[in-house]
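Residue-level listing of the chains:
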Amino acid sequence: GVASIDGVDLTPEMLDVARAREVYATLAEADVCETGLPSGAYDLVVTCLVDEHLADLRPLYAEARRIARPGGAYVLVGFHPHFIMTSGMPTHYDSASGEAVAIQTYVHLLSDHVSAGLAAGWTLVEMRERVIDDAWLELKPKWTSLRDQPIAFAVAWRAPAG
């Protein structure tokens, strides 16, 4: 039901992955805290698995608020802070040469998200958490020892109508 999707990422490699999906109207190499996207232009702003790479959440929430239209929504999906603190698994990827590269990871409590969102002018609509369950273990069977541990969370926000 979305007419047009724009995307930003700091890394050309992730933009290549996004480009291959052929669903984006535009893709730009940019910081999610300073996207360069037009103010008040988006009905929905989404960030996924990016917050744990930011030392400070406030610029992320402020930028999402800046680009959302009045009455627009913001949805953030991230790794649960409990998972980051207890799993011992840093976010990582394999470089083109096959070398494992760890990405700086920061722990942000759920209350940090609430504080940053409220400070940016958002109204919290919903918050959900997900644990590692049977469905998850079908995808990641090696994670059996993590069963019932929190893995992810999502928050949904609404901008003031005007």
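Structural data are supplied above this passage.
This one's a predicted model, so the numbers in the text were calculated from it and none came from an experiment.

About the criteria used
Residues numbered from 1 in each chain as written. Predicted model: local features only at pLDDT ≥ 70, side-chain atom pairs only at ≥ 80, totals over all residues. Heavy atoms only, no water. Pairing = 2+ DSSP bridges. Helix = DSSP H or I, 4+ residues; strand = E, 2+ residues; numbered from the N terminus. Axes fitted to C-alpha atoms, helices over the stretch in contact; angles between N-to-C directions. Contact = heavy atoms within 4.5 Å. Salt bridge = Lys/Arg side-chain N within 4 Å of Asp/Glu carboxyl O. Buried < 20%, exposed > 50% of the residue type's maximum accessible area, 1.4 Å probe, protein only. Polar contact = N/O pair within 3.5 Å; in protein donor to acceptor, adjacent residues only side chain to side chain.

Draft legend 1. Geometry of the sheet that holds strand E8 (residues 150–158). A sheet is described by the order of its strands in space; here four strands give the open sequence E3-E4-E8-E7, paired in mixed fashion. Taken across any chain shown, the strands that pair with only one partner, and hence form the sheet edges, are strand E3 (42–48) and strand E7 (123–131). Neighbour-to-neighbour, the strand axes of the sheet open up by a mean angle of 10 degrees, direction not taken into account. Against the sheet, helix H4 (residues 110–119) engages strand E4 (68–79), E7 and E8, with an angle of about 15 degrees to E8.

Draft legend 2. Quick peek at the pattern of salt bridges. Using the criterion set out here, one finds seven salt bridges in the structure. Between Arg147 and Asp134 there is a salt bridge whose closest N-O contact spans 2.5 Å. Taken together, the residues Arg147 in the loop between helix H5 (134–139) and E8 and Asp134 in helix H5 connect sequence positions 13 residues apart.

Draft legend 3. Main features of the environment of His80. Take His80: it is sitting in the loop between E4 and helix H3 (81–87). His80 sits in the buried class, given a relative accessible area of 8%. Considering only alpha carbons, one finds His80 and Asp51, 29 residues apart in sequence, at a separation of 10 Å. Looking at His80, its side chain comes within polar contact range of the side chain of Glu129, at 2.6 Å.

Draft legend 4. Quick look at the environment of Ile5. Following the sequence through the fold, Ile5 ends up in the segment before strand E1 (6–9). The class for Ile5 is partly exposed, based on a relative accessible area of 34%. Placed 27 residues apart in sequence, Ile5 and Val32 show a C-alpha to C-alpha distance of 15 Å. Once residues within four sequence positions are removed from consideration, Ile5 is found in contact with Val23, Tyr24, Ala25 and Thr26.

The quantities given are spatial measurements derived from coordinates; they are silent on function.
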